[in-house]
Amino acid sequence: MVVLALASILSFVACGGGNGGSGESIEGGNVVVKMYDNRYQYTEIRVPVGGTVTWVGAGRAPHNAHDANETWSTQSVFGSPEMLEGDQATLTFDQPGRYTFFCTFHGNAQGAGMAGVLIVGDA
Ligand SMILES: [Cu+2]
């Protein structure tokens, strides 16, 4: 399971942003990402430094988005790890970098399950 997930991440990176078949990508200054049961609307997100991502609950189950290195989370803005349908949290990203994010209920910090990659700036 973990090996397969890593392999898919590596091929995703190797494609230079191409769609590896596991998800959709989006790029913009103010991006909206729905959190479905149990996947993100976009698994590769690109924003400029200072850009925002608005995470929107869009499932029956609660979801969230956490940086694998714990530098940011929807919980820090929303106040709860359980974002239900219609709940929103907007985060501003001032630090360039490449962040693996995941849902603490349906994914893990290794990028398996409900997870994706956020790229801020030219990282
Ligand atoms: Cu989830």
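Let me sum up the structure you'll find in this document. Remember, it's a predicted structure, so these values are computed and weren't measured experimentally.

## Comments concerning the pattern of salt bridges
Right, so step 1: Overall, the coordinates contain 1 salt bridge when judged by the stated rule.
Right, so step 2: A salt bridge links Arg46 to Glu44; the nearest nitrogen and oxygen atoms lie 3.5 Å apart.
Right, so step 3: On the basis of relative accessibility, which here comes to 26%, the residue Arg46 falls in the partly exposed class.

## Brief notes about the side chain of His66
Right, so step 1: With respect to the secondary-structure elements, His66 resides in strand β5 (residues 66-67).
Right, so step 2: Other than its neighbours up to four places away in sequence, His66 contacts Trp72, Ser73, Gln75, Thr100, Phe101, Phe102 and Thr104.

## What to know about the nonpolar core
Right, so step 1: Formed by 21 residues in total, the largest nonpolar core has its most connected members in Val33, Tyr40, Ile45, Val53, Trp55, Trp72 and Leu118.
Right, so step 2: Those elements that place two or more of their residues in this core are β2 (30-35), β3 (44-47), β4 (51-57), β6 (88-93), β7 (97-107) and β8 (113-120).
Right, so step 3: Residue contacts for Leu118: discarding those within four places in its chain leaves Ile45, Val47, Val53, Trp72, Phe93, Gly97, Arg98, Tyr99 and Phe101.

## Here we look at the coordination of the copper ion
Right, so step 1: In this structure, His63 (ND1), Cys103 (SG), His106 (ND1) and Met114 (SD) serve as the protein donors to the copper ion, at separations of 2.0 to 2.7 Å.
Right, so step 2: Each of the 4 donor atoms bound to the copper ion contributes to angles spanning 94 to 137°, and the resulting shape is irregular.
Right, so step 3: The sequence pattern formed by the donor residues of the copper ion is H-x39-C-x2-H-x7-M. With Cys103 in strand β7 and Met114 in strand β8, this residue pair connects regions lying 11 residues apart in the sequence. For the pair shown, Cys103 and Met114 are each scored as buried.

## Focus on the environment of Phe78
Right, so step 1: Position of Phe78 among the secondary structure elements: in helix α2 (residues 74-78).
Right, so step 2: Residue classification places Phe78 among the partly exposed residues on the basis of a relative accessible area of 30%.
Right, so step 3: It is 8.5 Å that separates the C-alpha atoms of Phe78 and Thr90, two residues lying 12 residues apart in sequence.
Right, so step 4: Among residues more than four places away in sequence, those in contact with Phe78 are Met83, Asp87, Gln88 and Ala89.

Quick notes on the rules
Residues numbered from 1 in each chain as written. Predicted model: local features only at pLDDT ≥ 70, side-chain atom pairs only at ≥ 80, totals over all residues. Heavy atoms only, no water. Salt bridge = Lys/Arg side-chain N within 4 Å of Asp/Glu carboxyl O. Buried < 20%, exposed > 50% of the residue type's maximum accessible area, 1.4 Å probe, protein only. Helix = DSSP H or I, 4+ residues; strand = E, 2+ residues; numbered from the N terminus. Contact = heavy atoms within 4.5 Å. Core = buried A, V, L, I, M, F, W, Y, C linked by side-chain atoms within 4.5 Å. Donors = N, O, S within 2.8 Å, 3.2 Å for Na, K, Ca; no water. Tetrahedral: all angles 85-135°; square planar, octahedral: opposite > 155°, others 65-115°.

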